[in-house]
Amino acid sequence: MSSAIKIAASILAADFTRLGEEVRQAEAGGTDLFHLDIMDGLFVPNISFGPMVVEAVRGITRLPLDVHLMIEQPERYLTVFARAGADMINVHVETCPHLHRTLYQIKELNLKAGVAINPHTPFEMIRDILPDVDRVLVMSVDPGFGGQKFIQSVLPKIEQIARAARGLDHPVEIGIDGGVDTSTTPAIVASGGNVLIAGSSVFRAPGGIAAGITALRAVARSGAG
Ligand code: DX5
Ligand code: ZN
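Residues numbered from 1 in each chain as written. Chains lettered and ligands numbered in written order. Predicted model: local features only at pLDDT ≥ 70, side-chain atom pairs only at ≥ 80, totals over all residues. Heavy atoms only, no water.

Trainee: Tell me what's going on with unusual backbone geometry, and back it up with residues and numbers.
Mentor: With a phi angle near 45°, Gln73 is a residue other than glycine that sits in the positive phi range. Structurally, the position occupied by Gln73 is in the loop between strand S3 (65–70) and helix H3 (78–84). (Helix = DSSP H or I, 4+ residues; strand = E, 2+ residues; numbered from the N terminus.)

Following this line, the structure appears as structure tokens:
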């Protein structure tokens with residue numbers, strides 16, 4: 001259903017000299033939540049920002065904050081990001097040898113728990129953990145940078161996850177992260193993605209942030225029939 005599709009504005013693409021203003025614009029423009037990318041220069045070849053920025057954003061919005069940990073040994077930082085104001089923490093299956101333990105550590109902090117999966121990591125790696133997560137975060141680019149091209153070959157994996165999620169006794173969100181724009185959204189929605197995580201197509205939309213969100217939502221609605 002189109003009404004179930006959420007838009008998560010990914011602040012990585014924001015102008016950090018005006019972050020507060022851009023967050024307010026995205027909220028006024030109708031984003032459902034904010035996505036915050038944490039990169040350590042090890043798991044991904046880039047360094048972004050840490051808990052101070054999460055805390056700063058927490059101070060100016062009541063919308064949910066969705067923290068995406070692209071870091072090695074993410075279990076070391078769960079409490080820090082919970083204290084900073086995260087509502088949801090996503091950890092990568094590729095970084096968690098004790099995935100069940102790490103997800104339950106997130107839940108014990110009273111946060112929603114998500115598992116993120118890289119474009120070329122197969123569905124089988126997360127199949128058995130689906131009953132224990134609130135969200136699957138499907139990477140549709142190799143993580144590390146904004147503004148990359150959507151990798152079409154993740155679409156069948158989105159379908160596999162959506163099919164498996166329908167058999168569960170609790171709702172599991174399927175977030176798609178990387179290269180999400182008005183041209184890729186129809187296929188994402190048709191495959192079963194229901195959280196559109198969008199950086200460039202929101203914060204760098206030619207018509208402005210609100211227009212970027214409106215355009216994504218319009219395509220998501222029509223794409224979902
Ligand atoms: C990429 C990040 C994304 C990023 C997406 O590693 O996880 O959240 O912000 O950026 P766009 O929407 O520009 O592809
Ligand atoms: Zn992300």
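Trainee: Could you give an account of the packing of aromatic side chains, naming the residues involved and the relevant values?
Mentor: Taken as a whole and assessed by the stated rule, the structure comprises 1 aromatic pair. Taking the centre distance of 5.7 Å and the plane angle of 40° together, the rings of Phe16 and Phe49 count as tilted. Of this pair, Phe16 sits in the loop between strand S1 (6–10) and helix H1 (19–28) while Phe49 sits in the loop between strand S2 (33–39) and helix H2 (51–58), and the two are 33 residues apart along the sequence. Classification of Phe16 by relative accessible area gives partly exposed; the value is 39%. (Phe/Tyr/Trp six-rings, centres within 6.5 Å; stacked < 30°, edge-to-face > 60°. Buried < 20%, exposed > 50% of the residue type's maximum accessible area, 1.4 Å probe, protein only.)

Trainee: Pulling in residues and values, what's your account of the site of ligand 1?
Mentor: Surveying the vicinity of ligand 1 reveals 19 residues, the closest of which are Ser10, Asp37, Asp177, Gly199 and Ser200. Here Gly147 contributes a backbone N or O atom positioned 2.8 Å from an oxygen atom of ligand 1. Between an oxygen atom of ligand 1 and a main-chain N or O atom of Gly179, the distance comes to 2.8 Å. The fraction of the free accessible surface of ligand 1 (380 Å²) that becomes covered by protein chains is 99%. Breaking the shell around ligand 1 down by element, the ones donating at least two residues are S2 and S3. With 3 residues, S2 is the largest single contributor of residues to the shell around ligand 1. (Near = heavy atom within 4 Å. Polar contact = N/O pair within 3.5 Å; in protein donor to acceptor, adjacent residues only side chain to side chain. Areas by Shrake-Rupley, 256 points an atom, 1.4 Å probe, with all protein chains shown as cover.)

Trainee: Kindly report on the coordination of the zinc ion (ligand 2), identifying the contributing residues and their values.
Mentor: Surrounding the zinc ion (ligand 2) are the protein donor atoms His35 (NE2), Asp37 (OD), His68 (ND1) and Asp177 (OD), which sit 2.0 to 2.3 Å from the metal. Classification of the site at the zinc ion (ligand 2) rests on its 6 donor atoms, whose angles at the metal span 70 to 170°, yielding the label octahedral. Mapped onto the polypeptide sequence, the residues donating to the zinc ion (ligand 2) form the spacing pattern H-x1-D-x30-H-x108-D. Of this pair, His35 sits in strand S2 while Asp177 sits in strand S7 (residues 173–177), and the two are 142 residues apart along the sequence. (Donors = N, O, S within 2.8 Å, 3.2 Å for Na, K, Ca; no water. Tetrahedral: all angles 85-135°; square planar, octahedral: opposite > 155°, others 65-115°.)

Trainee: Tell me about the sheet that holds strand S5 (residues 112–117), and please be specific about residues and values.
Mentor: Here 8 strands make up a closed barrel; going around it, the order is S1-S2-S3-S4-S5-S6-S7-S8 and the pairing parallel. Strand-to-strand, the axes of this sheet are offset by a mean angle of 25°, without reference to chain direction. Pairing between S3 and strand S4 (residues 88–92): 4 bridges, direction parallel. Looking at the pairing, His68 lines up with Asn90 of S4. (Pairing = 2+ DSSP bridges. Axes fitted to C-alpha atoms, helices over the stretch in contact; angles between N-to-C directions.)

Trainee: Give me the pattern of salt bridges: which residues, what numbers.
Mentor: For the structure shown, the criterion picks out 7 salt bridges. In this structure, the salt-bridge partner of Glu173 is Lys6, at a minimum N-O distance of 2.7 Å. Placement of the pair is Glu173 in strand S7 and Lys6 in strand S1, with a sequence separation of 167 residues. Its salt-bridge partner being Arg135, residue Asp66 comes within 3.1 Å of it at the nearest N-O pair. Highlighted residues: Asp66 in strand S3 and Arg135 in strand S6 (residues 135–139), separated in sequence by 69 residues. Neither residue differs from the other here; Asp66 and Arg135 are each classed as buried. In the salt-bridge network here, residues are joined through shared partners; they are Lys6, Asp66, Arg135 and Glu173. (Salt bridge = Lys/Arg side-chain N within 4 Å of Asp/Glu carboxyl O.)

Trainee: How would you sum up the pairing of S1? Please name residues and give values.
Mentor: Most of S1 is tucked away, with 4 of its 5 residues classed as buried. Summarising the sheet, S1 and S2 pair through 3 bridges and their orientation is parallel. By the bridge assignment, Ala8 is partnered in S2 with Leu33.

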